[in-house]
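# Structural features, examined
Here is what each chain is made of, one letter per residue.
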Amino acid sequence: MDMTAFFKMASGLYVVSAEADGRKAGCVINTAVQVTAVPPRISVAVNKENVTAGVIAQARAFALTAIDKTADMPYIGNFGFRSSDTYDKFEKYGCKTAATGSPYSPEHACALFACKLVNTVDVGTHLLFIGEVVEAERLSDEEPLTYDFYHAVLKGKTPPKAASYQG
């Protein structure tokens, strides 16, 4: 089976983030999708081992930003290849607060969705968080960064905790 076929699925790269008890966490994901329009709901999949998954569960809310094509590998590495447990991912790129109280970085982001957590589904290695959107905003007119562009042009790698990691 050619698992690289999954890189061709039309998906973007996102930063999902939350804050609980003063602890901010965020990570890069490629598994975010609008699931309903009324009420507006989004699902995101986050590896159970990521600090971000625990913070989202505790906060009962999250922010999701769509990464745009101006993002470079240092930005993606900041949110995607470091641990929120030992590193403040928001210090370098700035931090704002969404309507849910969740932190987000507006840099290299073309859209923001602030969500109240309405359901969590265990899907094996990941938790699928379903959130009701309480705030949505276009942050720029830049094109969103697709997962295919990340691999083909930026030559990005897939970290072991990613939903599409192939081992």
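Attention here is on the structure that accompanies the text. Since the model is a prediction, treat every value here as computed from it, not as a measurement. (Residues numbered from 1 in each chain as written. Predicted model: local features only at pLDDT ≥ 70, side-chain atom pairs only at ≥ 80, totals over all residues. Heavy atoms only, no water.)

## What to know about the nonpolar core
Residues Val16, Ile29, Val44, Val46 and Phe129 are the most contacted members of the largest nonpolar core, which totals 24 residues. At the level of elements, β1 (14-20), β2 (23-29), β4 (41-47), α1 (51-59), β5 (61-67), β8 (109-122) and β9 (126-138) are the ones that each hand at least two residues to this core. Once residues lying within four places of it in the same chain are set aside, the contact partners of Val16 are Ala25, Gly26, Cys27, Ile29, Val44, Val46, Thr52, Ile56, Phe62, Ala63 and Leu64. One finds Ile76, Phe90, Leu145 and Tyr147 within the second-largest nonpolar core, a separate group that totals twelve residues. (Core = buried A, V, L, I, M, F, W, Y, C linked by side-chain atoms within 4.5 Å. Buried < 20%, exposed > 50% of the residue type's maximum accessible area, 1.4 Å probe, protein only. Helix = DSSP H or I, 4+ residues; strand = E, 2+ residues; numbered from the N terminus. Contact = heavy atoms within 4.5 Å.)

## So, the pairing of β9
Pairing of β4 with β9 involves seven bridges; the strand directions are antiparallel. The residue bridging Asn47 from the neighbouring strand is His126, located in β9. The pairing of β8 with β9 spans eleven bridges and is classified as antiparallel. Bridging across to β9, Asn119 finds its partner in Ile130. Taking the residues between adjacent antiparallel strands as the criterion, β8 and β9 are bridged by three residues, where Gly124 takes a positive phi near 105°. (Pairing = 2+ DSSP bridges.)

## Here's the deal with the sheet that holds β4
Read across the sheet, seven strands follow the order β2-β1-β5-β8-β9-β4-β3 without closing on themselves; strand pairing throughout is antiparallel. Every interior strand has two partners, whereas the edge strands, β2 and β3 (32-36), have only one. Shown here is a sheet whose adjacent strand axes are inclined to one another by a mean of 35°, direction ignored. Bridge count for β1 against β2 is seven bridges, and the pairing is antiparallel. (Axes fitted to C-alpha atoms, helices over the stretch in contact; angles between N-to-C directions.)

## What to know about the side chain of Asn47
With respect to the helices and strands, Asn47 occurs in strand β4. The class for Asn47 is buried, based on a relative accessible area of 7%.

## Focus: the pairing of β4
For β4, the buried fraction is high: six of the seven residues fall into the buried class. Looking at chain direction, β3 and β4 are connected through four bridges and run antiparallel. Each residue of the ladder has a partner; that of Gln34, found in β4, is Ile42. Once β3 ends, the chain turns through four residues before running back antiparallel as β4.

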